[in-house]
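Now for the letters of each chain:
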Amino acid sequence: EVQLQASGGGLVQAGGSLRLSCAASGFTFDDYAIAWFRQDPGKEREAVACVSGGGSYYSDAVKGRFTVSSDYAKRTVELQMNNLKPEDTAGYYCAATLAYGSTWCLRIGYYYWGQGTQVTVSS
């Protein structure tokens, strides 16, 4: 079974940094896109970063502050979040879907989801 587990969330002051990790198992890693989503209660779910086909992609809201990277040997995808802002507060989820190297990984639907980790940024 495909399993995804996000970890690394916490409480941080504005301007600080956190590093999230998504541990993936149960699928052929290279064939899938893996994305980080976030959702605060009452707000729309937003894809913030993804990896697919050797490329990394970011939403405008986080570009220049967040960096996504994949480790094929360890089967993890990490999200380094720098210069955090209060508006970054959300539950962060990693997701995966069969993509075959698609460059549209911010705009496609995802089938497999992890449980998420909470990120809270204080003023």
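The shown structure was predicted, so the numbers you read here are calculated from the model rather than taken from an experiment.

Quick notes on the rules
Residues numbered from 1 in each chain as written. Predicted model: local features only at pLDDT ≥ 70, side-chain atom pairs only at ≥ 80, totals over all residues. Heavy atoms only, no water. Salt bridge = Lys/Arg side-chain N within 4 Å of Asp/Glu carboxyl O. Helix = DSSP H or I, 4+ residues; strand = E, 2+ residues; numbered from the N terminus. Buried < 20%, exposed > 50% of the residue type's maximum accessible area, 1.4 Å probe, protein only. Pairing = 2+ DSSP bridges. Axes fitted to C-alpha atoms, helices over the stretch in contact; angles between N-to-C directions. Core = buried A, V, L, I, M, F, W, Y, C linked by side-chain atoms within 4.5 Å. Contact = heavy atoms within 4.5 Å. Disulfide = S-S within 2.5 Å.

**Quick notes on the pattern of salt bridges**
- If you walk through the whole model with that rule in mind, you get four salt bridges.
- Between Glu78 and Arg19 there is a salt bridge whose closest N-O contact spans 2.2 Å. Taken together, the positions of Glu78 in strand S8 (residues 76-81) and Arg19 in strand S3 (residues 18-25) put the pair 59 residues apart, joining distant regions of the chain.
- A salt bridge links Glu46 to Arg38; its shortest N-O distance comes to 2.9 Å.
- A relative accessible area of 27% means that Glu46 is categorised as partly exposed.
- Classification of Arg38 as buried rests on a relative accessible area of 8%.
- Each of Arg38, Glu46, Arg65 and Asp88 takes part in salt bridges that share partners, so that together they form one network.

**Points about the sheet that holds strand S7 (residues 66-71)**
- The antiparallel open sheet is built from four strands, whose spatial order is S1-S3-S8-S7. Of all strands in the sheet, those bounded by a partner on one side alone are strand S1 (3-7) and S7. Strand-to-strand, the axes of this sheet are offset by a mean angle of 15 degrees, without reference to chain direction.

**What about the nonpolar core?**
- By size, the foremost hydrophobic cluster in this structure holds 29 residues, and its most contacted members are Phe27, Trp36, Val77, Leu79, Met81 and Tyr92.
- Put simply, the parts of the chain that give this core at least two residues each are S1, S3, strand S4 (32-39), strand S5 (46-52), S7, S8, strand S9 (90-98) and strand S11 (117-122).
- Not counting the four nearest positions on each side in its chain, Phe27 is found in contact with Val2, Leu4, Tyr32, Ile34, Arg75 and Ala96.
- Of all hydrophobic cores here, the second largest spans nine residues; its members include Cys50, Ala95, Ala99 and Cys105.

**A word on the pairing of S1**
- Only one face of S1 is buried, namely the one carrying Leu4 and Ala6, since none of Gln3, Gln5 and Ser7 on the opposite face is buried.
- In this structure, S1 lies alongside S3, joined through five bridges in antiparallel fashion. Within S3, the position partnered with Gln5 by the bridge is Ala23.

**Comments concerning unusual backbone geometry**
- Phi is positive for Arg75, which is not a glycine, with a value near 55 degrees.
- Structurally, Arg75 is set in the loop between S7 and S8.
- Of note in this structure, Tyr100 is not a glycine but carries a positive phi near 50 degrees.
- Of note, Tyr100 is situated in the loop between S9 and strand S10 (112-113).

**Points about the state of the cysteines**
- For the structure on display, the rule yields two disulfides.
- Two residues share a disulfide in this structure: Cys22 and Cys94, whose sulfurs sit 2.2 Å from each other. Residues Cys22 and Cys94 are joined by a disulfide whose S-S torsion is about 75 degrees; by sign, that bridge is right-handed. Here Cys22 is found in strand S3, whereas its partner Cys94 is found in strand S9, with 72 residues between them in sequence.
- Its relative accessible area of 1% is what places Cys22 among the buried residues.
- By relative accessible area, Cys94 is classed as buried at 0%.
- With its sulfur 2.0 Å from that of its partner, Cys50 forms a disulfide with Cys105. Between Cys50 and Cys105, the S-S dihedral sits near 75 degrees, and the bridge is therefore right-handed. One end of the pair, Cys50, is in strand S5; the other, Cys105, is in the loop between S9 and S10, with 55 residues separating them in the sequence.

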